[in-house]
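As a plain string of letters, each chain reads:
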Amino acid sequence: MSIFQRVRDHLAGVIGRDCEGKPLRVGDRAVPTAPPGMEVNPRFDCVLTVAGPAMRPGWLKCLTPDDEDCYGAPAHLRRLDDPSDDSASWEEVTKLTGWTPRSLERPSEVPA
């Protein structure tokens, strides 16, 4: 990973990259993946929420749906894409906030 990528990740709040190279941030949902020859602990074989960096360098702290802590390398997680990211539109803004965008009419010539 280049230094430019690392700086950009740091500024964007990326705390690690999953097994597919997708950025992981606090609050992202992910599922654990086992390295070859190993199995995922059945206790943690569920959708996890990334809680932040762990005390061990390079590891992440995640939470299970039961608020149980688990720790692991970001490369052993696979981020779940959030479908709400794809639904960004003016219709969604209007539905959520009640504000409707409108165009402004500008005169073709500015009065002197």
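Here the structure is shown first, and the text comes after it.
Our subject in this report is the structure included herewith. (Residues numbered from 1 in each chain as written. Predicted model: local features only at pLDDT ≥ 70, side-chain atom pairs only at ≥ 80, totals over all residues. Heavy atoms only, no water.)

### Concerning the overall build of the protein chain
Counted only if it meets this: Think of it this way: any DSSP run of H or I at least four residues long counts as a helix, any run of E at least two long counts as a strand, and we number them from the N terminus. Put simply, the radius of gyration uses C-alpha atoms, and a globule should come to 2.2 Å times the residue count raised to 0.38. Buried residues are those whose accessible area, probed at 1.4 Å on protein chains only, stays under 20% of the maximum for their type, while exposed residues exceed 50% and partly exposed ones sit between those limits. Accessible areas in this description were obtained via Shrake-Rupley with a 1.4 Å probe; residue shielding takes into account the shown protein chains only. Positive charges come from Lys and Arg alone, negative charges from Asp and Glu alone, with His and the N- and C-terminal ends not counted. Lysine's charge is taken at NZ, arginine's at CZ, aspartate's at CG and glutamate's at CD.
When helices and strands are counted, the protein chain shows two helices and seven strands. The helix and strand sequence of the protein chain, counted from the amino end, reads α-β-β-β-β-β-β-β-α. Computed over its C-alpha atoms, the radius of gyration of the protein chain comes to 21 Å, more than 25% above the 13 Å expected for a compact globule of 112 residues. The 112 residues of the protein chain split such that 21% are buried. Total accessible area on the protein chain stands at roughly 8800 Å², and carbon and sulfur atoms take up 55% of it. In the protein chain, 14 side chains carry a positive charge and 18 a negative one; their mean positions are 5 Å apart.

### Section: a nonpolar patch on the surface
Inclusion rule: Residues with no salt bridge and a relative accessible area higher than 30% make up the patches, which join like charges within 9 Å and nonpolar side chains (Val, Leu, Ile, Met, Phe, Trp, Tyr) within 5 Å. Salt bridges are counted wherever a side-chain nitrogen of Lys or Arg sits within 4 Å of a carboxyl oxygen of Asp or Glu.
A grouping of Ile3, Phe4, Val7 and Leu11 is seen on the molecular surface, where their side chains present a nonpolar patch of about 490 Å² in accessible area. Structurally, Phe4 is set in helix H1 (residues 3-11).

### Some thoughts on the side chain of Thr64
Under the convention used in this document: The contact criterion used is simple: two residues touch if any of their non-hydrogen atoms lie within 4.5 Å.
Residue placement: Thr64 occurs in the loop between strand E5 (60-63) and strand E6 (69-72). Of the residues examined, Thr64 reaches a relative accessible area of 6% and is grouped as buried. Aside from chain neighbours lying at most four places away, what touches Thr64 is Phe44, Cys46 and Leu48.

### Quick word on the layout of surface pockets
What counts is decided by this rule: The definitions used throughout rest on a 1 Å grid laid over the protein atoms alone, on which a cavity is an enclosed set of points accommodating a 1.4 Å probe that cannot get out and a pocket is an open set flanked by protein within 12 Å on both sides along at least five of seven lines; lining residues are those having an atom within 4 Å of a point. Grid points are joined across faces, edges and corners, and a volume is the space filled by probe spheres set on the points. Just so you know the grouping, Ala, Val, Leu, Ile, Met, Phe, Trp, Tyr, Cys and Pro go in nonpolar, Asp, Glu, Lys and Arg go in charged, and all remaining residues, Gly too, go in polar.
There is about 350 Å³ of room inside the largest pocket. For the largest pocket, the lining is made up of 19 residues, of which Pro32, Thr33, Tyr71, Gly72 and His76 are closest to its centre. Within the residue set of the lining of the largest pocket, elements represented by two or more residues are E5 and E6. Split into classes, the residues belonging to the lining of the largest pocket amount to 14 nonpolar, four polar and one charged.

### Considerations on the environment of Gly21
Within the element layout of this structure, Gly21 appears in the loop between strand E1 (16-17) and strand E2 (23-24). What makes Gly21 partly exposed here is its relative accessible area of 33%.

### Points about the side chain of Asp9
Position of Asp9 among the secondary structure elements: in helix H1. The exposure class assigned to Asp9 is buried, which follows from its relative accessible area of 8%.

### A look at unusual backbone geometry
The backbone phi angle of Asp67 is positive, close to 60°, even though this residue is not glycine. Position of Asp67 relative to the elements: it lies in the loop between E5 and E6. When its relative accessible area of 61% is taken as the criterion, Asp67 is described as exposed.

### As for the nonpolar core
Where we set the bar: Residue types Ala, Val, Leu, Ile, Met, Phe, Trp, Tyr and Cys, when buried and joined through side-chain atoms within 4.5 Å, form a set referred to as a nonpolar core.
Membership of the largest hydrophobic core is limited to nine residues, which are Leu24, Ala30, Phe44, Leu48, Val50, Leu60, Cys62, Cys70 and Leu77. Counting only elements with at least two residues in this core, the list comes to strand E4 (48-53) and E5. Dropping the residues within four chain positions of it, Ala30 is found in contact with Cys46, Val47, Leu48, Leu77, Arg78, Arg79 and Leu80.

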